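So the chains spell out like this:
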Amino acid sequence: MYTFEYHQPDSIEAAIELRTEAEDAIYLAGGQTLIPTLKQRLAAPSDVIDLAGVPGLTGIKVEKDRVIIGAMTRHAHVAASAEVAKAIPALAHLASEIGDAQVRNRGTLGGSVANSDPSADYPAAVIGLGATIQTNRRSIAADDYFKDLFETALAASELIKSIEFPIPKRAAYCKFPNPASRYAVVGVFVADFGGKFRVGVTGAGPCAFRIGALEAALSKKLDPAQVDNIEIEYDRFNSDLHASAEYRANLVRVMAKRAITALITG
Amino acid sequence: MKVSLTVNGRDRVVDVAANTLLVDLIRSKLGLTGTHVGCDTSQCGACTVHLDGRSVKSCTVLAVQADGAEVTTIEGIGTTDALHPMQAAFRECHALQCGFCTPGMIMSAIDLVANAKALDEQSVRKGLEGNLCRCTGYHNIVKAVLLVAESMPERT
Amino acid sequence: MSDTGIGKSVKRREDLRFITGRGRYTDDINQPNQTFAVFLRSPYPRARIVSVDPSGAAEVEGVVGVFTGKDLAADKLGDLPCGWLVKSKDGSDMKVGPHPPLAVDVVNYVGEPYGVVIAETLAAARDGAEVVVTEFEELDATVSLASAMDSAQIHANVPRNLCYDWALGDAAATDAAFERAAHLTTLEFSNNRLIPNAMEPRAAVASYDASTEEFNLITTSQNPHLERLILSAFVQLAPEHKLRITAPDVGGGFGSKIFVYPEETTAAWAARRIGRPVKWTADRSESFLTDAHGRDHLTKAELALDKDGVFLGLRVKTRANLGAYLSTFASSVPTFLYGTLLAGQYRTPAIYVEVEGVYTNTAPVDAYRGAGRPEATYVIERIVETAARELGVDPAELRRRNFIPPDAFPYQTPVALEYDTGNYGASLDKALAQAQYSSFADRRAASERRGKKRGIGLSCYIEACGLAPSQLAIQLGAGVGLYESGEVRVNPTGNVTVFTGSHSHGQGHETTFAQIVSDKLGIPFENVEVVHGDTGRVEFGLGTYGSRSLAVGGSALIKATDKVIAKGKRIAAHMMDAPLDSIDFTEGAFSARTSNQKLTFGEVAFAAYVPSNYPTDLEPGLSEKAFYDPKNFTFPAGTHIAEVEVDPETGVVDVLSFVAVDDFGHVINPMIVEGQVHGGIAQGIGQALLEHGIYDETGQLITGSYMDYCMPRADDMPSFIVDTTVTPCTHNPLGVKGCGEAGAIGAPAAVMNAVTHALGVVDVAMPATPERVWRALRGA
């Protein structure tokens, strides 16, 4: 690991200021992606700004129509939350499948969504539920948030404070884990907002995306077989030693079907 | 930088560089070599310790992040004369061979048993996803963890 | 019989230190004033080193020195040798590409070290290594095994990259058998490259005392004496008596820590050069790039059968990847540890095998758990299963029809080995019962109702273990003998220190060997201490590999113990004033048949060291050494059965059950033996379904971390059902055969037979990844 200055600011404002003023600073949330990257000397930030001391970034709040989760809330916390399990069980389930136990004890929602790894789990839920990303300066709709490989709508110093997940009537997440790393090769999140559906996919493309055709088909008729009635374009899908683009397209279908089935059967 | 933390019940103040990993603090600064490093991509789990009571990979936590925290390593859970039940179960079930992954595996298993609602073979296997063992084929590790889980009082 | 004796599942005494974090592995050890080494490694599969400019590193604070292959060459360090000379079928010697410890002019695989930076701290060494400027001239590389013989020549003295073209068996007889065949089964397949991945990375802590000219190298070795021999006799680092090598607790090896590597060698050399201790511990990334890999064969196999399904002949042609250089035992693995095993458990009368050992610009390939024998088993058991399917005969029945029957032993195979004993039908029957083979159809139907495909597969493996008669091995090209040494040192108070040349890195020798010696001497288990892994304390040894520790190392201890007892009898006879031939030794006591006198072992031991009432013609002391040179290999064998379920939508293979019934002869500690089988099976299932070392066409290792190399995890494995049958080995005193590799040898074929059975296809390449299985189902 290269050397860097370490900061532990005690307010969002202080964090932003540090980030803006430093030459090449980076925020540290749970560190489960950042620290491995630093260890491999794949990044050389001048400053690391640890958000652990910033108040108000942690916690889960359930309102009538939405679940608000602080950016620094750890995956294990979401996975074990009785409130989340009651309001959006699919979200708690998703959190319980991220990485492994040790990673879930450190990794955070905000860190995952800010990083936008193409094979991270949370982006599927953010897209699939049409969540709103609350930053220090604005609200960003999920559909406007994920831009490309590790690229989001966040400005350089912008900081995620919390994410608001609308509570669907029902939802389900199905993931096909990479047998080696356990990241998602493909993960599909399907949510039913009273006859209107959203389908969020992670792992398949450069960043999480929706399948509009499937959403429309499901709104007409809720049936796993609807997956067979749509085209899955996979020209721009990821292709690596674990899964070709074509195979990923198949996995999108299979995971979508299974998520729809799970959503129906509860 | 000065880091104050409690390690195995003992208060310690250690001077570290900002880029020091918690595992290096534990191994090099404190000489607690029971915590091992088996990879450089945060996958193998050999370095697992408890940070404020939960299992973490100490190779993926900066030492400075542990400031003010309570750290427990394999050396802190039991002694040869008074083994932790998980240590005893590992020995009883022959859940270790070369012993290199064992400290991390035991620390993960303790967290798993303490925090899981109910454990069966499948959930133990899933729960140990973050720890690699090359010797045992996991068969006896799973047996040992289930042995401890079964001896714990029912949780709700 | 005591509860710590032979045959008892004694809890391991080494466990207490491991479960409390008090193990002492190489990286746990530090020397005063030590420095840290970081190696400069090739980013290219093949390149000429034009220049190395270390000036930047010299300016980094804390950097002590930068050295390259030229510095080692200037000190006249020799090449890292390959210890087994294989001859081609035309009688010529194998062609050995030069292998300096650090590359001098040319690098030949990604990760090959060509220099080292030594610094006060690890961080400074890393910083220094980053600013060394090396100019490379990229050269055409040979990466693909399939086209290696028609591709860029790697070593100037090795045309077509062909190290050897070896053959074994009777070609004419085999051809004749094929002419008579009523049925022919042909299979072509690869045996995937594996990366060993012992959980403890390789490491070294080296120091040098200029006043005594002695080296002290603490390192992760499975055989420290062999390492000392090679560093002394071949690398010429120092004379043997000036070189002490200690392998303390070693965190797994699986073969990969047998070999003498560049890094440990360089660390020792550098300790002398800079006059300070040097420490090096591999990152896992370095382990992936530079630990010797395993397997990596391309094979075509043909089996000839008569109309009744009796095997007439087997013809095998294999191309084996040796990597860029010949590692310590590399040449023997795809030849003497492979071709000689191709009879399997069967009476196939004619066998002919040809093996091309070829160089590629990839990491060296050498012995990995099983070493040659998993590859041989895979050939035989895949083709036998395929033949059974083609003939419509139950695969168990076809095997039974061709087994070497129990009354045919000793049995001379057509490929050099003589099996001493076995009962293959017994293992098969027991395994079929354990696997509920007869009711498989019901389970398959149940799977089908759930939309899944189910398959069951057998693997009746044999292995040659307990390497091996020295004379035979040396005739076949081995550079060293393959005996083992042992010493039983009885202390004056009657407790015993045992010294063995075997080395435990997870196998539990400290327990098993203490069981043997305490049982034999009739003394408490606690009174026996086992010392291993230190050339300064143990006289000599050849180490642990090839499932040889108990069969060879244990036998040496039996021999030494027998000598102790024999001498004890002489002392006892004198003390009891009884004729020597009237002395019995049972349950820890010497007794005279001519009287009712008795002396405990402790009393005799004490007398040996305080010889007042003592034979005048006998030396005092009670410490005996023995070398045991086996008369033959041992031949563990058994049947493994895998049952799998395939999800046709995703291609995921779920191993539902795995049964292993093994014949290891007598078993000293059943608990430890079962553990060895479990671990081997996991590595075998890993090979079949998960693990694959892949170089892309540019020669980069793309499975260079746990993010991409799929290590078996707990939830990839089922619980295993293991059982044994027993035909004691006929030629060693314990009747033992060896158990360390059986799982890795038997499992791949069992799993792949089950997968192909489930899918109804002839072959799927290993590892049968979800995408491969999915494609196999779609016929694409």
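Asks: Explain the overall build of chain B to me, and be specific about the residues and the numbers.
Replies: Scanning chain B from terminus to terminus reveals 5 helices and 5 strands. N-terminal to C-terminal, the α/β element order of chain B is β-β-α-β-β-β-α-α-α-α. In summary, chain B has a C-alpha radius of gyration of 15 Å against a globular reference of 15 Å for 156 residues, a match within 12%. In terms of overall dimensions, chain B has C-alpha extents of about 45 × 30 × 30 Å along its principal axes. The 156 residues of chain B split such that 62% are buried. Partitioning the contacts of chain B with sequence separation of at least 6, the portion at a separation of at least 24 is 60%.

Asks: Any chance you could break down the overall build of chain C for me, citing the residues and the numbers?
Replies: If you tally the helices and strands in chain C, you get 19 helices and 28 strands. On the principal axes, the C-alpha backbone points of chain C span a range of 85 × 70 × 50 Å. Once local pairs closer than 6 in sequence are excluded, the contacts in chain C between residues at least 24 apart make up 80%.

Asks: Lay out the pairing of strand β15 (residues 350–359) of chain C in plain terms, naming residues and giving numbers.
Replies: All names here are of chain C. Among the 10 residues of β15, 9 are classified as buried, and the element is accordingly described as predominantly covered. The pairing of strand β7 (residues 162–169) with β15 spans 7 bridges and is antiparallel. Counterpart to L168 in the pairing with β15 is V353. Relative to β15, strand β14 (residues 311–323) runs parallel, the two sharing 10 bridges. For L314, the partnering residue across the bridge sits in β15 and is I351.

Asks: Mind laying out the interface of chain B and chain C, listing which residues take part and the relevant values?
Replies: The accessible area lost on association of the parts is a frequent measure of interface size. Taken residue by residue, the interface counts 45 residues in chain B and 42 residues in chain C. Elements represented by at least two residues in the side of chain B that touches chain C include exactly α2 (85–92), α3 (102–115), α4 (121–127) and α5 (139–151) of chain B. Here the side of chain B that touches chain C takes 4 residues from α5(B), the largest share from any one element. Residues that form the side of chain B that touches chain C fall into these classes: 19 nonpolar, 18 polar and 8 charged.

Asks: So, the environment of L289(C): which residues are in play, and what are the values?
Replies: All names here are of chain C. Relative to the helices and strands, L289 is located in helix α8 (residues 284–290). On the neighbour-count criterion, L289 (23 C-beta atoms within 10 Å) is buried. Once residues within four sequence positions are removed from consideration, L289 is found in contact with V110, G111, A363, L701 and G704.

Asks: Tell me about the packing of helix α17 (residues 670–690) of chain C against helix α18 (residues 742–759) of chain C, residues and numbers included.
Replies: Residues and elements named next belong to chain C. Where α17 contacts α18, the axes come no closer than 7 Å and their chain directions differ by 40°. Taken as axis vectors, α17 and α18 run oblique relative to one another. α17 and α18 meet at a crossing whose hand is right-handed. For the pair formed by α17 and α18, the contact residues are V677, H678, G679, G680, I681, Q683, G684, I685, Q687, A688 and L689 on the first element and A742, G743, A744, G746, A747, P748, V751 and M752 on the second.

Asks: With reference to specific residues and values, describe the interface of chain C and chain A.
Replies: Of the residues lining the interface, 13 residues belong to chain C; the matching set on chain A comes to 11 residues. Taken together, the residues of the side of chain C that touches chain A sort by class into 8 nonpolar, 2 polar and 3 charged.

Asks: Give me the sheet that holds strand β7 (residues 139–141) of chain A: which residues, what numbers.
Replies: Residues and elements named next belong to chain A. Pairing is antiparallel in the open sheet, where 5 strands are placed in the order β4-β5-β10-β6-β7. Looking at strand neighbours, the two that pair on one side only are β4 (60–62) and β7, the edges of this open sheet. Looking at each pair of strands side by side, their axes are set apart by 20° on average, direction ignored. Where strand β5 (residues 66–70) meets strand β10 (residues 160–166), 5 bridges bridge the pair, whose relative direction is antiparallel. Across the sheet, residue G70 finds its bridge partner in β10, namely S162.

Asks: Tell me what's going on with the packing of helix α10 (residues 395–402) of chain C against helix α11 (residues 424–434) of chain C, and back it up with residues and numbers.
Replies: All names here are of chain C. Closest axis-to-axis distance for the α10/α11 pair is 10 Å, and the angle between their directions is 165°. Looking at the two axes, α10 sits roughly antiparallel to α11. Note on packing geometry: the crossing formed by α10 with α11 is left-handed. Where α10 abuts α11, its residues A396, R399 and R400 lie against G425, L428 and L432. Split into classes, the residues belonging to the contact of α10 with α11 amount to 3 nonpolar, 1 polar and 2 charged.

Asks: Which residues make up the confidence of the model for chain C, and what values do they have?
Replies: Of the residues in chain C, 100% have a pLDDT of 70 or more, and the chain-wide mean is 96. As a predicted assembly, this complex carries a pTM of 0.97 together with an ipTM value of 0.97.

Asks: Describe the sheet that holds strand β1 (residues 2–7) of chain B, listing the residues and the values that go with them.
Replies: Strand-to-strand pairing in sheets goes through backbone hydrogen bonds, with the strands running parallel or antiparallel. Residue and element names in this part refer to chain B. Strands sit in the order β2-β1-β5-β3-β4 across an open sheet of 5 strands; the sheet is mixed. The sheet is open, and its two edges are formed by β2 (10–15) and β4 (54–57), each paired on a single side. On average, adjacent strands in this sheet sit at an angle of 40° to one another, irrespective of strand direction. Pairing between β1 and β2: 6 bridges, direction antiparallel. Directly across from V3, in β2, lies its bridge partner V14. Most of the contacts of α3 go to strand β3 (residues 48–51), to which it runs at about 40°, and overall it touches β3 and β4.

Asks: Talk me through helix α7 (residues 262–274) of chain C; I want residue IDs and the actual numbers.
Replies: All names here are of chain C. Between its first and last C-alpha, α7 extends 18 Å over 13 residues, near the 18 Å set by a 1.5 Å rise per residue. P262, E263, E264, T265, T266, A267, A268, W269, A270 and A271 are the residues of α7 that are buried. A positive phi of about 70° marks G275, the residue just after α7.

Asks: Give me the lowdown on the pairing of strand β28 (residues 720–725) of chain C, citing residues and values where you can.
Replies: Residue and element names in this part refer to chain C. Where strand β27 (residues 653–663) lies against β28, 6 bridges are found, and the strand directions are parallel. In the sheet register, V659 faces β28, and the bridge partner there is I721. Handedness of the crossover is the feature at issue here: the chain leaves β27, passes through α17, returns alongside β28, and the resulting connection is right-handed.

Asks: A description of α17(C) should follow, citing residues and the corresponding values.
Replies: End to end, α17(C) covers 29 Å across 21 residues, agreeing with the expected 30 Å (1.5 Å per residue, within 8%). For α17(C), a buried count of 19 out of 21 residues is recorded, marking the element as mostly surrounded by other parts of the structure.

Asks: For the environment of R772(C), give the residues involved together with the corresponding values.
Replies: Residue and element names in this part refer to chain C. Along the polypeptide, R772 turns up in helix α19 (residues 770–777). On the neighbour-count criterion, R772 (18 C-beta atoms within 10 Å) is partly exposed. Those residues in contact with R772, other than ones at most four positions away along the chain, are V764 and A765.

Asks: Which residues make up unusual backbone geometry, and what values go with them?
Replies: Cis geometry marks the peptide bond from F409(C) to P410(C); its omega dihedral reads 0°. In this fold, P410(C) is placed in the loop between α10 and β16 (411–412). The residue after M766(C), namely P767(C), is reached through a cis peptide bond having omega -10°. Positive phi outside glycine occurs at R182(A), with the angle close to 75°. Residue R182(A) is classed as buried on the basis of its 22 C-beta neighbours within 10 Å.

Asks: A description of the environment of R248(A) should follow, citing residues and the corresponding values.
Replies: All names here are of chain A. Within the element layout of this structure, R248 appears in helix α11 (residues 245–265). Along the backbone, R248 and I127 are 121 residues apart, and their C-alpha atoms lie at a distance of 19 Å. Leave out the neighbours within four places in its chain, and R248 touches V185, V186, A204, Y234, F237, N238 and A243.

Cut-offs and rules
Residues numbered from 1 in each chain as written. Chains lettered and ligands numbered in written order. Predicted model: local features only at pLDDT ≥ 70, side-chain atom pairs only at ≥ 80, totals over all residues. Helix = DSSP H or I, 4+ residues; strand = E, 2+ residues; numbered from the N terminus. Rg over C-alpha atoms; globule rule 2.2 N^0.38 Å. Buried ≥ 20, exposed ≤ 12 C-beta atoms within 10 Å, placed from the backbone. Contact = placed C-beta atoms within 7 Å. Pairing = 2+ DSSP bridges. Nonpolar A, V, L, I, M, F, W, Y, C, P; charged D, E, K, R; others polar. Axes fitted to C-alpha atoms, helices over the stretch in contact; angles between N-to-C directions. Parallel < 35°, antiparallel > 145°, perpendicular 65-115°, else oblique. Left-handed = near helix turned anticlockwise from the far one by under 90°. pLDDT = per-residue confidence, 0-100. Expected span 1.5 Å × (residues − 1). Right-handed = clockwise from strand over helix to strand, strands pointing away.

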